[in-house]
Amino acid sequence: EATIAESNYITTTLGTIFALSNAHAAVSSTDGNTIWCNRGGWNGVFVKTVAGVVTIRALGNDAGGEDFLNASPYPLDASYLTVWQHGGGNLILYIDDATAVASTAHGTETDLSAHFCVGRDAITVADSEVFEGEIAEVITFNTSLSAANLDSVAGAIATPFGKTWS
């Protein structure tokens, strides 16, 4: 776990975070099997079960409360490149390609002072609450990337792992 505030990685209105991971489990807890989040649990990407279906969830928190995006079904034991992007007043989730799987209106992030965590649960912070699977890559940008830059970075991450981004 990094002891650096999330505000060092993204701003309250702009940010793009890529994560290439392979989850072996999905849980039905508040957040789920955490790929990344901030220690306050205000935003992140998680693998969880929703009504018995494996779901990838992106979470953000603005003055109106939690905004979350669910995308399913995503089988376990397969690698996925997830992209959490905040910009232009929207929270957007991409999975494995340049077409957004989900988006919602999203205002200014309320708290980026908490520690940025990769592969660890933000709520319980117990040693047993670690990501069940592999995380190969996490890359952060403190801006909302253009479509061309998003494609360029995603392609560079995906290709060495035998994945494609289109």
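Please refer to the structure higher up on the page.
Predicted model only: the values in this text are computed from it and were never measured.

Conventions used here
- Residues numbered from 1 in each chain as written.
- Predicted model: local features only at pLDDT ≥ 70, side-chain atom pairs only at ≥ 80, totals over all residues.
- Heavy atoms only, no water.
- Pairing = 2+ DSSP bridges.
- Helix = DSSP H or I, 4+ residues; strand = E, 2+ residues; numbered from the N terminus.
- Axes fitted to C-alpha atoms, helices over the stretch in contact; angles between N-to-C directions.
- Polar contact = N/O pair within 3.5 Å; in protein donor to acceptor, adjacent residues only side chain to side chain.
- Contact = heavy atoms within 4.5 Å.
- Phe/Tyr/Trp six-rings, centres within 6.5 Å; stacked < 30°, edge-to-face > 60°.
- Buried < 20%, exposed > 50% of the residue type's maximum accessible area, 1.4 Å probe, protein only.
- Salt bridge = Lys/Arg side-chain N within 4 Å of Asp/Glu carboxyl O.

Asker: I'd love a proper account of the sheet that holds strand β2 (residues 33-38), names of residues and values included.
Answerer: Pairing in this open sheet of 5 strands is antiparallel, and the strands run β5-β4-β3-β2-β9 from one edge to the other. Because the sheet does not close on itself, it has two edges, and the strands there are β5 (65-71) and β9 (116-118). Each neighbouring strand pair of the sheet contributes to a mean axis angle of 30 degrees, computed without reference to strand direction. Across 7 bridges, strand β3 (residues 44-50) lies against strand β4 (residues 53-62) in antiparallel orientation. Note that in β4 the partner of lysine 48 across the bridge is threonine 55.

Asker: A description of the side chain of histidine 86 should follow, citing residues and the corresponding values.
Answerer: One can find histidine 86 in strand β6 (residues 79-87). From its side chain, histidine 86 meets the backbone oxygen of glycine 107 in a polar contact 3.0 Å long. Discounting residues that sit within four places of it in the chain, histidine 86 has contacts with Thr12, Thr13, Leu14, Gly15, His106, Gly107, Glu109 and Ser144.

Asker: For the sheet that holds β6, give the residues involved together with the corresponding values.
Answerer: Strand pairing in a sheet relies on backbone hydrogen bonds. The paired strands run either parallel or antiparallel. The 5 strands are arranged β8-β7-β6-β1-β10 in an open sheet whose pairing can be described as antiparallel. Two strands close off the open sheet at either side, each with one partner strand: β8 (100-105) and β10 (133-141). Averaged over all neighbouring strand pairs, the angle between strand axes comes to 15 degrees, with direction disregarded. In this sheet, β8 lies alongside strand β7 (residues 90-95) in antiparallel orientation, the contact comprising 5 bridges. Residue pairing across strands places leucine 93 opposite alanine 102, the latter belonging to β8. With respect to the sheet, helix α1 (residues 147-158) is in contact with β1 (15-23), β6, β7 and β10, its orientation differing from that of β1 by roughly 25 degrees.

Asker: Describe in detail the packing of aromatic side chains, supporting the description with residues and values.
Answerer: Overall, the coordinates contain 5 aromatic pairs when judged by the stated rule. Between phenylalanine 18 and phenylalanine 141, the aromatic rings sit 6.0 Å apart at their centres with planes inclined by 75 degrees, giving edge-to-face as the arrangement. Of this pair, phenylalanine 18 sits in strand β1 while phenylalanine 141 sits in strand β10, and the two are 123 residues apart along the sequence. You can call phenylalanine 18 buried: its relative accessible area is 0%. When the ring of tryptophan 36 is compared with that of tryptophan 84, the centres are 5.4 Å apart and the planes differ by 90 degrees; the resulting orientation is edge-to-face.

Asker: Residues and numbers for the side chain of threonine 55, please.
Answerer: Mapped onto the elements of the fold, threonine 55 is located in strand β4. Within the structure, the side chain of threonine 55 is placed 3.0 Å from the backbone oxygen of valine 53, a separation counted as a polar contact. Discounting chain neighbours no more than four positions away, the residues touching threonine 55 are Phe46, Val47, Lys48, Val50, Asn70, Ala71 and Ser72.

Asker: Report on the pattern of salt bridges, specifying residues and quantitative values.
Answerer: A complete count under the given rule lists 1 salt bridge for this structure. Residues aspartate 96 and lysine 163 are paired through a salt bridge, measuring 3.5 Å at the closest nitrogen-oxygen approach. Taken together, the positions of aspartate 96 in the loop between β7 and β8 and lysine 163 in the segment after α1 put the pair 67 residues apart, joining distant regions of the chain. Taking the relative accessible area as the measure of exposure, lysine 163 reaches 17% and is therefore buried.

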